[in-house]
Amino acid sequence: MSLVERVQGLMNQAHADLSELVAIPSVADPRQYPPEECLKAANWVVDRFAQVGFTNIGLHETIDGSKAVYGERLTAGPDAPTVLLYAHYDVQPPLDDKAWHTPPFQLTEVNGRWYGRGAADCKGNIVMHLTALRALGDDLAVNLKLIVEGSEEQGTGGLEDFVEKNPELLRADAILVCDTGNAAVGVPAATITLRGMVNVVVTAEALTGELHSGMFGGPAPDGLAALIQVLSTLRDAAGNTTITGLEHDQTWHGAPYPPDQFRSDASLVDGAGLLGDGTVSDMLWARPAITVLGIDCPPVVGSAAAIQPRARARLNLRVPPGTDAVKAQDALIAHLQAAAPWGVRVRVETEAIGQPFEARTGGPAYRALSAAMLEAFGREMTTLGQGGSIPLCNVFAATYPDAEIILMGVEEPLALIHAPNESVDPGEIARLALAEARFLQRYRT
Ligand SMILES: [Zn+2]
């Protein structure tokens, strides 16, 4: 039987597995779901990967209290390359229960897609790994390691810390971070860049206390007006993010993000235009982007005829690959201070920072993956960026500078990950499992 036929023959089992796994509400927040659910999901993963030959497999508690599953299948000998397979078994909460058309924790087929929380992110990728490994059987010339974490959606950094403390355990030549997706159903893609981020809080202070706007308004400096002026300098008329000293004319060289698809994905109101003078993919994946996350000032109801002595805003800057996040933070702080009007005091506090990520794509693992994707999908693999960050990728890159890091998976745009009515296309599981299996057969360093 060919590998394609073996994968096809395993899809009933993939459905059964995903049904069992989706039925476990493994939200890693004890305030929302009992921790036993996460434990159940972790043990399910241990059990299933033990069935496909993983040994030394079990749970490792991480610093945030979550448990990561680690296992290995080191049967190919010390000269063969080692591949680390990654996924996570925790899921986002269902959010608005009423917005779901099917029960969130019951895998339900509608028009050929399988619906349920985690069906794609990331339990679909766990089942993809399993299907690839079952199809391969013993026909495997690489060593395998497996890490399936239990708190990815919480952002509490359990696995990041675990990697730093256990570098030898997870060391590999290629790392398949399977928690992203294709450009569209049937269009194979690797995600090769992730934006970094900087969060700061900026305060503008002009007076020592409130003043009556009738008695003082005019000559008296206004803290809120000063903040508005400062914030307005962060974008130009076209909507480009314009921070002094920070490049904002980069271009994206991978697959484009069609503007109509973006308009619909982002649910723009009628008449609203897209920002910036680059393409959607330039603006989203190649250039910096500033967002005002919040402003402290009097709310409309309860506000009085008073000049505000001070106001503050929380800002989020997305940092594109190729730009150092520390330099971007320095530029943002200098820009905010230089933009202070009327001699008002502008103070900036730093809050959080994360570097962007860019995969090295020229190595043997990427070549093997491209060939495997072409064979499984019948078309060339494209490359995507992702606007958000996956801090774990930076930890992998820093800990294993020679490893090739590959981001892929079953989470294409229709999967609606993190939203109500998440789903997975079983065809994506089948094609990606086939691509993964071919990759594992062919990859040589
Ligand atoms: Zn995920």
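Just so it is clear, the structure is predicted and the values come from calculations on it, not from any experiment.

Quick notes on the rules
- Residues numbered from 1 in each chain as written.
- Predicted model: local features only at pLDDT ≥ 70, side-chain atom pairs only at ≥ 80, totals over all residues.
- Heavy atoms only, no water.
- Axes fitted to C-alpha atoms, helices over the stretch in contact; angles between N-to-C directions.
- Helix = DSSP H or I, 4+ residues; strand = E, 2+ residues; numbered from the N terminus.
- Parallel < 35°, antiparallel > 145°, perpendicular 65-115°, else oblique.
- Contact = heavy atoms within 4.5 Å.
- Nonpolar A, V, L, I, M, F, W, Y, C, P; charged D, E, K, R; others polar.
- Pairing = 2+ DSSP bridges.
- Donors = N, O, S within 2.8 Å, 3.2 Å for Na, K, Ca; no water.
- Tetrahedral: all angles 85-135°; square planar, octahedral: opposite > 155°, others 65-115°.
- Buried < 20%, exposed > 50% of the residue type's maximum accessible area, 1.4 Å probe, protein only.
- Arc of directions from axis to C-beta.
- Salt bridge = Lys/Arg side-chain N within 4 Å of Asp/Glu carboxyl O.
- Phe/Tyr/Trp six-rings, centres within 6.5 Å; stacked < 30°, edge-to-face > 60°.

Caption draft 1: Spotlight on the packing of helix α5 (residues 158-165) against helix α13 (residues 391-399). Put simply, α5 and α13 touch, their axes get as near as 9 Å, and they point 5° apart. Regarding the angle of α5 to α13, the classification is roughly parallel. Contacts between α5 and α13 involve Leu159, Glu160, Val163 and Glu164 from the first element and Pro391, Leu392, Val395, Phe396 and Thr399 from the second. The class makeup of the residues in the contact of α5 with α13 is six nonpolar, one polar and two charged.

Caption draft 2: Spotlight on the sheet that holds strand β11 (residues 289-296). The strand order across the open sheet built from four strands is β11-β13-β9-β14, with neighbouring strands paired in antiparallel fashion. The sheet is open, and its two borders are formed by β11 and β14 (345-354), each paired with just one other strand. In this sheet, adjacent strand axes meet at a mean angle of 20° when their direction is disregarded. The sheet contacts of helix α8 (residues 223-232) involve β9 (196-205), β11, β13 (310-319) and β14, and relative to β13 the element is tilted by about 15°. Sitting on the sheet, helix α11 (residues 325-338) is in contact with β9, β11, β13 and β14, with an inclination near 165° to β14.

Caption draft 3: Here's a closer look at the coordination of the zinc ion. Protein coordination at the zinc ion comes from His88 (NE2), Asp121 (OD), Asp179 (OD) and Asp179 (OD), with a distance range of 1.9 to 2.5 Å. Coordination at the zinc ion is irregular, judged from the four donor atoms that bind it and the angles of 55 to 149° they form at the metal. One chain supplies every donor to the zinc ion, and in sequence these donors are spaced H-x32-D-x57-D. One end of the pair, His88, is in strand β3 (residues 82-88); the other, Asp179, is in the loop between β7 (174-178) and β8 (189-194), with 91 residues separating them in the sequence. Look at His88 and you get buried, because its relative accessible area is 0%. Overall, the relative accessible area of 9% leaves Asp179 in the buried class.

Caption draft 4: Spotlight on the sheet that holds strand β4 (residues 108-110). With respect to topology, three strands assemble into an open sheet ordered β4-β5-β18, the strand pairing being antiparallel. Because the sheet does not close on itself, it has two edges, and the strands there are β4 and β18 (423-424). Pairing between β4 and strand β5 (residues 113-115): three bridges, direction antiparallel. Bridging across to β5, Val110 finds its partner in Arg113.

Caption draft 5: A look at α13. Those residues of α13 that fall on the buried side of the exposure criterion are Leu392, Cys393, Val395, Phe396 and Thr399. What you see down the axis of α13 is that its buried residues fit within an arc of 160°, all on one side.

Caption draft 6: Fine view of the pattern of salt bridges. Evaluation of the coordinates by the stated rule reveals 21 salt bridges. With a closest N to O distance of 3.0 Å, Asp29 and Arg31 form a salt bridge. We classify Asp29 as buried; its relative accessible area is 7%. Here Lys67 makes a salt bridge to Glu61, at a shortest N to O gap of 3.8 Å. Classification of Lys67 as partly exposed rests on a relative accessible area of 29%. Residue class for Glu61 comes out exposed when judged on its relative accessible area of 54%. Several salt bridges share partner residues, and in doing so they unite Asp17, Glu20, Asp47, Arg48 and Arg134 into one network.

Caption draft 7: Looking closely at the packing of aromatic side chains. Within the structure shown, the criterion is met by seven aromatic pairs. With a centroid separation of 6.3 Å and 35° between ring planes, the pair formed by Phe396 and Tyr400 is classed as tilted. Residue Phe396 is classed as buried on the basis of its relative accessible area of 0%. One aromatic cluster is present, built from ring pairs that chain together Trp252, Tyr257, Phe262 and Trp285.

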